[in-house]
Amino acid sequence: MTQSTTTAGRSAEAGTGAGRPARAGRAETVRFAATHALPELVRGFAGGRPHTTRPWSPLARPHWSAATLRAMRAKHGGAPVLVRGLSGPLLVILDPQDLHQFYAQSGAAPAPDRPHTCAGPGGGPPSGPVPEDRRGIDDAVLASGITVHPSYGPFLAVIAEETRRLTGGGTLRLAGARRAVARAGRRMVLGDAAAEDEELSGWLRRSRGEGTRFGLRTGRSRAVRELSDRAAARIAQYAGDAEPHTLVGRARRHADPTGSLDPTGQARHWLQAMDTVPATMLRTLLLLAVHRAEQDAAAAEARAADAASGELPRLRSCVRESLRLYPVVADLIRVTRAETEWRGVRHPAGTAVMLPVLFHQRDPEHMPAAHVFVPGRWSSHGAHQDFRMAPFSHGAGRCPGDQLGLLVVAAFCAAVLRGHRVRDGRPALEPMGPLPATLDPRGIRLRLAPR
């Protein structure tokens with residue numbers, strides 16, 4: 001696939017000469033590695049372990065990374081810049097006008113060491129592209145592109161039950177949110193029989209953590225294989241008796257004439273994708289605690305008679321805005337499968353192209369009120385197709401479970417707000433911003449009061 005977004009003259013204007021790529025110099029490369037690449041790599045390998053990430057926290061300053069990327073953009077006239085990354089050369093996309101081409105490249109594959117970007121139970125395999133037959137089953141099971149999932153009734157009932165357990169103590173913290181969401185996830189994916197199976201969730205968390213730490217160096221370690229095999233066997237036990245409305249129950253109904261698709265094989269990824277829900281839910285509720293008028297409007301929507309429809313447009317906008325400010329994955333990396341052209345410069349097949357999502361979503365030079373919580377921006381015409389904002393990616397790489405993910409997070413928030421007011425939260429935030437560049441869910445504490 002060959003595509004050109006500007007003339008070669010723009011490349012010359014950037015100081016690279018017609019047909020020659022913009023390249024980061026030695027000083028730029030060192031600064032990029034220190035402020036952007038290394039902190040991201042550490043976060044990926046650490047897998048969220050506090051004792052591992054804490055020594056590196058002085059490096060993990062997104063505003064330093066943003067300053068580095070803005071300086072590169074200014075120096076090279078906005079052209080994509082080749083940088084020597086920690087795993088090899090990267091073509092870094094710095095200007096919004098190149099975002100469309102990045103998302104349009106259906107022939108590009110995700111980098112094998114990058115996590116999936118879904119913020120809900122729509123996660124696909126992070127290790128590569130999904131076969132067409134497999135993707136077709138996923139789209140049908142997850143009701144891709146449909147605002148309200150066909151199983152929304154049972155799913156909302158499950159979420160309401162688990163939220164009652166979660167809010168009983170009057171405070172919300174990450175540990176409790178993880179337990180409630182994991183329990184709800186097992187019920188929605190595998191059925192009520194799996195509700196208490198915390199051992200399965202533990203296997204899945206550990207296998208993903210081990211895979212993240214060892215994947216680049218040794219492939220799948222023996223520990224990862226053993227944990228994955230145990231989880232697969234346990235999932236298979238539940239799959240045969242799963243209720244029809246569950247994701248596994250829906251997958252089981254799909255024809256598989258060759259016997260090679262394993263319609264329930266995605267259950268592990270659907271369960272793992274639920275791990276992103278607690279942090280997104282807590283961040284959204286913390287932002288609503290600071291913005292009282294928005295919280296009151298969201299609570300009114302949650303209590304309205306039509307809330308049971310699962311649409312919850314206002315709360316979904318709040319979730320999207322939370323993900324704009326604090327995306328699940330800060331960078332997307334795609335590896336091209338054919339020669340591509342960027343601004344008149346040809347790059348060979350196998351080029352790793354990096355899109356710094358957090359940078360673009362919080363870029364004050366191109367994003368109005370970049371560091372402020374403004375859920376209303378998602379109500380404007382065309383907001384969901386705005387390539388500057390990509391909570392679930394765009395194009396062929398868009399998360400197939402984006403709508404289901406929004407439903408789940410919004411439904412959890414609605415279930416909390418229906419009976420409680422989020423009175424205050426920690427850390428303290430300024431209502432008019434600018435909001436902090438990072439918001440560690442482990443430090444979030446929300447105090448609830450009955451409505």
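Relevant structure appears above.
Just so you know, these numbers come straight off a predicted model, no measurement behind them.

J.: Got a sec to walk through the packing of helix α13 (residues 277-290) against helix α14 (residues 292-303)? Specific residues and values, please.
T.: The axes of two packed helices give the description: the angle between them and the distance between them. With their axes 5 Å apart at the nearest point, α13 and α14 run at an angle of 115 degrees to one another. Of α14, the residues touching α13 (which contributes Leu288, Ala289 and Val290) are Arg292, Glu294 and Gln295.

J.: So what's going on with helix α15 (residues 313-325)? Which residues, and what values?
T.: In a regular helix each residue adds 1.5 Å, so 13 residues correspond to 18 Å; α15 covers 19 Å between its end C-alpha atoms and thus fits that length. Of all 13 residues in α15, 11 are buried, a share of seventy percent or more. Buried within α15 are the following residues: Leu315, Arg316, Ser317, Cys318, Val319, Arg320, Glu321, Ser322, Leu323, Arg324 and Leu325. Where α15 is buried, its residues meet α13, α14, α16 (357-361) and α17 (402-419).

J.: How would you summarise the side chain of threonine 276 if you had to cite specific residues and measurements?
T.: Looking at the element boundaries, threonine 276 is found in the loop between α12 (267-273) and α13. Side-chain polar atoms of threonine 276 contact the backbone oxygen of alanine 273, separated by 2.9 Å.

J.: Talk me through the pattern of salt bridges; I want residue IDs and the actual numbers.
T.: Evaluation of the coordinates by the stated rule reveals 23 salt bridges. A salt bridge links aspartate 363 to arginine 73; its shortest N-O distance comes to 2.7 Å. Here the residue aspartate 363 occupies a position in the loop between α16 and α17, and arginine 73 occupies one in helix α4 (residues 62-75), the gap between them amounting to 290 residues. According to the relative accessible area criterion, aspartate 363 is buried, its value standing at 1%. A salt bridge links arginine 314 to glutamate 294; the nearest nitrogen and oxygen atoms lie 2.8 Å apart. In this pair, arginine 314 sits in helix α15 while glutamate 294 sits in helix α14, placing the two residues 20 residues apart along the sequence. Salt bridges linked by common partners bring Glu161, Glu162, Arg165, Arg183, Arg187, Asp192 and Glu196 together as one network.

J.: Quick rundown of unusual backbone geometry? Include the residues and the values.
T.: With an omega of 5 degrees, the peptide bond running from arginine 426 to proline 427 counts as cis. Along the chain, proline 427 falls in the loop between β10 (420-426) and β11 (445-450). Although it is not a glycine, alanine 143 adopts a positive phi angle of roughly 55 degrees. With respect to the helices and strands, the residue alanine 143 is situated in the loop between α6 (132-142) and α7 (152-167). When its relative accessible area of 3% is taken as the criterion, alanine 143 is described as buried. Look at serine 393: it is not a glycine, yet its phi comes out positive at around 70 degrees. Within the secondary structure, serine 393 sits in the loop between α16 and α17.

J.: An account of the pairing of strand β3 (residues 88-92) is needed here, citing residue identities and associated values.
T.: Regular strands have side chains that alternate between both faces of the sheet. Counting buried positions along β3 gives 4 out of 5 residues, so the element sits mostly inside the fold. Sheet topology note: the strand β2 (residues 81-85)/β3 ladder contains 5 bridges and is antiparallel. When the bridges of β3 are listed, glycine 85 appears paired with glycine 88. Hairpin connection, β2 to β3: the antiparallel pair is bridged by 2 residues. The pairing of β3 with strand β9 (residues 352-356) spans 2 bridges and is parallel.

J.: Can you break down the sheet that holds β10 residue by residue, with the values?
T.: Strand order across the open sheet formed by 3 strands is β5-β11-β10, with antiparallel pairing between neighbours. The open sheet has two free edges, formed respectively by β5 (171-172) and β10, since each of these has just one partner strand. Sheet topology places β5 next to β11; 2 bridges connect them, and they run antiparallel. By the bridge assignment for β11, leucine 172 is matched with leucine 446. Relative to the sheet, α17 contacts β5, β10 and β11, its axis offset from that of β10 by approximately 110 degrees.

J.: Tell me about the nonpolar core, and name the residues and values.
T.: Counting residues in each nonpolar core, the largest one holds 78 residues, and the members touching the most others are Leu190, Leu200, Met281, Leu285, Leu315 and Val408. It is α17 that provides the largest number of residues to this core, a total of 12 residues. When sequence neighbours within four positions are dropped, the list of residues in contact with leucine 315 reads Leu288, Ala298, Glu301, Ala410, Cys413, Ala414 and Leu417. Grouped together as the second largest cluster of nonpolar side chains are 17 residues, Phe32, Leu69, Val83 and Ala352 included.

J.: Report on the state of the cysteines, specifying residues and quantitative values.
T.: A covalent bond between the sulfur atoms of two cysteines is referred to as a disulfide. In total, this model carries 0 disulfides according to the counting rule given. Considering cysteine sulfurs only, cysteine 413 is the nearest to cysteine 318, which forms no disulfide, with 8.1 Å between them. The class for cysteine 413 is buried, based on a relative accessible area of 0%.

J.: Account for the packing of aromatic side chains, with residues named and values stated.
T.: On inspection of all chains with the given rule, the structure shows 2 aromatic pairs. Centroid distance phenylalanine 102 to tyrosine 103: 5.4 Å. Interplanar angle 85 degrees. Geometry classified as edge-to-face. Summarising the aromatic geometry, the rings of tyrosine 103 and phenylalanine 387 are spaced 5.7 Å apart at their centres and angled 20 degrees between planes, so their arrangement reads as stacked. Taken together, the residues tyrosine 103 in helix α5 (residues 99-104) and phenylalanine 387 in the loop between α16 and α17 connect sequence positions 284 residues apart. By relative accessible area, which is 6% here, tyrosine 103 ends up buried. Residue phenylalanine 387 is classed as partly exposed on the basis of its relative accessible area, which comes to 27%.

Parameters at a glance
- Residues numbered from 1 in each chain as written.
- Predicted model: local features only at pLDDT ≥ 70, side-chain atom pairs only at ≥ 80, totals over all residues.
- Heavy atoms only, no water.
- Axes fitted to C-alpha atoms, helices over the stretch in contact; angles between N-to-C directions.
- Helix = DSSP H or I, 4+ residues; strand = E, 2+ residues; numbered from the N terminus.
- Contact = heavy atoms within 4.5 Å.
- Expected span 1.5 Å × (residues − 1).
- Buried < 20%, exposed > 50% of the residue type's maximum accessible area, 1.4 Å probe, protein only.
- Polar contact = N/O pair within 3.5 Å; in protein donor to acceptor, adjacent residues only side chain to side chain.
- Salt bridge = Lys/Arg side-chain N within 4 Å of Asp/Glu carboxyl O.
- Pairing = 2+ DSSP bridges.
- Core = buried A, V, L, I, M, F, W, Y, C linked by side-chain atoms within 4.5 Å.
- Disulfide = S-S within 2.5 Å.
- Phe/Tyr/Trp six-rings, centres within 6.5 Å; stacked < 30°, edge-to-face > 60°.

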